[in-house]
Amino acid sequence: MQYRVKSILLKLVRRSKTAIVAQKIHGNRKMKRRFASGDIETLHGSTHQTKTITESLAYIEEQFDDYLQYSGLKRDDLHDKRVLELGFGDNVGVALKFLASGAAEVICLDKFYSRRDLAQQKEIYKALRSNLREEEKTRFDRAINLNSAIEIDSARLRCINGVALEAAAESLMGEGRPFDLIISRAVLEEIYESDLVFSVMHQLLKPGGYMLHKIDLSDYGMFRSAGMNPLTFLTISERVYRLMASDSGIPNRRPMSYYQGKMEELGYEAKILITDLIDRKGKGDLHPHKEKIELGVDYTESTLAYVDQIRPQLSAAFRELPSEELIVAGIFLIARKPARA
Ligand SMILES: C[S@@+](CC[C@H](N)C(=O)[O-])C[C@H]1O[C@@H](n2cnc3c(N)ncnc32)[C@H](O)[C@@H]1O
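Residues numbered from 1 in each chain as written. Predicted model: local features only at pLDDT ≥ 70, side-chain atom pairs only at ≥ 80, totals over all residues. Heavy atoms only, no water.

## Section: the site of the ligand
By nearness alone, 19 residues border the ligand, and Thr47, Tyr59, Gly87, Asp110 and Arg185 come closest of all. Side-chain polar atom of Tyr59 to an oxygen atom of the ligand: 2.5 Å apart, as the coordinates give it. Between the ligand and Glu166, the relevant distance is 3.1 Å, taken from a nitrogen atom to a side-chain nitrogen or oxygen of the residue. Protein contacts shield 94% of the accessible area of the ligand, which totals 600 Å² for the unbound molecule. Residues that form the shell around the ligand fall into these classes: 8 nonpolar, 6 polar and 5 charged. (Near = heavy atom within 4 Å. Polar contact = N/O pair within 3.5 Å; in protein donor to acceptor, adjacent residues only side chain to side chain. Areas by Shrake-Rupley, 256 points an atom, 1.4 Å probe, with all protein chains shown as cover. Nonpolar A, V, L, I, M, F, W, Y, C, P; charged D, E, K, R; others polar.)

Written out as C-alpha cells, the structure reads:
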C-alpha cells in the first residue's frame with residue numbers, strides 16, 4: 001500500500017513542470033561538479049549500447065551519407081582533408097568512414113567519455129570494414145587495427161575526451177593546421193555557450209572549409225514525455241533555464257533563426273534544412289530534409305495548435321517567433337566559410 005502511494009506520488013512529481021525544473025537544476029549542478037572533479041564517464045552519448053550491429057551500421061552509414069548528400073561533397077572531395085568531429089559519443093565509425101574515403105586525419109573530440117562495450121565496438125568496426133571497397137579497406141586498416149584489441153593510429157584518428165571544444169580550441173589552434181570540415185550530430189544544442197562555440201569553430205576552420213551540423217531543437221523529451229506541450233521548455237525564463245542547462249547537456253533552446261543569424265554574422269554561405277517537427281516524434285526524420293515546409297504536406301493545423309495553445313506563456317525571447325519556426329524540432333546546417341577573409 002505504502003509502495004503504491006509512493007509510486008503514485010513519484011508519477012505526479014514527474015508530471016509536474018516545477019518538479020522537472022527543480023530536478024534539472026539539481027542535475028546541472030551535479031554534472032558541473034562531476035566534470036570539475038575529472039569524472040567524465042557517462043552513459044550520455046552511448047548511442048550504440050542498445051543497438052544491434054546492423055542498427056549501428058545503419059546509424060553510421062546514415063550520418064556519413066547525410067554529410068555528403070546535404071553538403072554536395074563527393075567522396076573524392078574528402079581526399080587529404082582534415083576533419084574535426086565534435087561530440088562523437090561512444091563510436092568512431094563516422095570518422096573511419098571519412099578516413100576510408102581518403103581523409104588524411106580525423107580528430108574526434110568529446111567533453112565526456114561515453115561508456116561503451118569494447119567487444120561490441122570491435123564487432124561494429126569489423127562489420128563496417130567488411131562493407132568497404134578494397135582501396136577503402138586499405139585506408140581503414142591504416143587507421144585502425146582490429147587483430148587483437150582495438151588499436152588506433154593516432155596520426156590518423158585522434159580521440160580527445162574530457163575536454164569541451166571551448167577549452168580545446170587553444171591547443172587545436174596551436175597545432176597550426178586548420179580543418180577542412182567540422183561535423184557533428186546532436187551536439188551543438190548541448191553546448192550552452194553557442195556564440196563561443198561558433199567563434200571557436202570559425203577560427204578552427206580553413207577558408208573555404210565546411211561546417212556540417214545536425215542539430216536537435218526539441219526539448220529532448222524533458223516535458224513532452226511527461227505529456228506536456230512540446231514547447232513547454234520555452235516558457236521558462238532564461239535566468240532559470242541557465243541553471244538547468246549550463247553544464248548538463250540539455251538543449252540550449254537556440255531556435256533556427258539563431259543559426260541563420262550566426263551564419264550571416266560570420267559571412268558564411270549557408271543553408272539550413274529542416275529535419276524534424278514538434279509533432280513528428282517517434283516518426284523519424286523528414287527524408288529528404290527540407291528547405292521549406294508546407295502546411296498540409298509536412299504539418300497540419302494541429303501542429304500549429306501546439307504553438308497557439310502555449311504562445312502567451314512563452315518566455316520573451318520566443319514569444320514573437322513565427323509559428324513556422326517554433327514547430328521546427330531539428331535542423332541540418334550546411335555552411336561554408338568564405339575562401340577569403
Ligand atoms: C546526444 S550525444 C550524440 C553523440 C553522437 N554524436 C551520436 O550521434 O550518437 C551528444 C554528445 O556531445 C558531447 N558534448 C556535449 N557538450 C560538448 C562540448 N561542449 N564539447 C564537446 N562535446 C560535447 C556529449 O558528451 C555527447 O557525447
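## What about the nonpolar core?
Formed by 66 residues in total, the largest nonpolar core has its most connected members in Leu84, Phe198 and Met244. If you look at the next biggest cluster of nonpolar residues, it comprises 37 residues, including Leu57, Leu78, Ala127 and Tyr210. (Core = buried A, V, L, I, M, F, W, Y, C linked by side-chain atoms within 4.5 Å. Buried < 20%, exposed > 50% of the residue type's maximum accessible area, 1.4 Å probe, protein only.)

## Regarding the packing of helix H3 (residues 53-71) against helix H4 (residues 93-100)
Describing two packed helices takes the angle between their axes plus the distance from one axis to the other. At a minimum axis distance of 9 Å, the contact between H3 and H4 shows a crossing angle of 55°. By the criterion of interaxial angle, the relationship of H3 to H4 is oblique. Handedness of the crossing formed by H3 with H4: right-handed. On H4, the residues that touch Ile60, Glu61, Gln63, Phe64 and Tyr67 of H3 are Gly93, Val94, Lys97 and Phe98. (Axes fitted to C-alpha atoms, helices over the stretch in contact; angles between N-to-C directions. Helix = DSSP H or I, 4+ residues; strand = E, 2+ residues; numbered from the N terminus. Parallel < 35°, antiparallel > 145°, perpendicular 65-115°, else oblique. Left-handed = near helix turned anticlockwise from the far one by under 90°. Contact = heavy atoms within 4.5 Å.)

## A word on the environment of Arg319
Mapped onto the secondary structure, Arg319 falls in helix H12 (residues 316-319). In this structure Arg319 comes out as partly exposed when scored by relative accessible area, which is 35%. Distance in space between the C-alpha atoms of Arg319 and His26 is 27 Å, their sequence separation being 293 residues. Ignoring sequence-local partners within four residues, the contact set of Arg319 consists of Arg311, Pro312 and Leu314.

## Quick look at unusual backbone geometry
Note that the residue after His287, namely Pro288, is joined by a cis bond; omega there is -10°. Within the chain, Asp80 stands out as a residue other than glycine whose phi angle is a positive 65°. Tracing the backbone shows Asp80 in the loop between H3 and strand S2 (82-86). Residues other than glycine seldom take positive phi values, yet Ala186 does so here, at roughly 60°. One can find Ala186 in the loop between strand S8 (179-185) and helix H8 (194-204).

## Some remarks on the side chain of Lys337
Its place among the elements puts Lys337 in the segment after strand S11 (328-336). Of the side chains with opposite charge, Asp180 lies nearest to the buried Lys337, which makes no salt bridge, at 11 Å. At a separation of 2.8 Å, a polar atom in the side chain of Lys337 contacts the main-chain carbonyl oxygen of Leu205. Those residues in contact with Lys337, other than ones at most four positions away along the chain, are His202, Leu205, Lys206, Pro207, Gly208, Gly209 and Tyr268. (Lys, Arg positive; Asp, Glu negative; His and termini not counted. Salt bridge = Lys/Arg side-chain N within 4 Å of Asp/Glu carboxyl O.)

## Points about the state of the cysteines
Evaluation of the coordinates by the stated rule reveals 0 disulfides. Of all cysteine sulfurs in the structure, the one in Cys159 sits closest to Cys108, which takes part in no disulfide; the separation is 4.8 Å. Under the relative-accessibility criterion, Cys108 is labelled buried at 0%. (Disulfide = S-S within 2.5 Å.)

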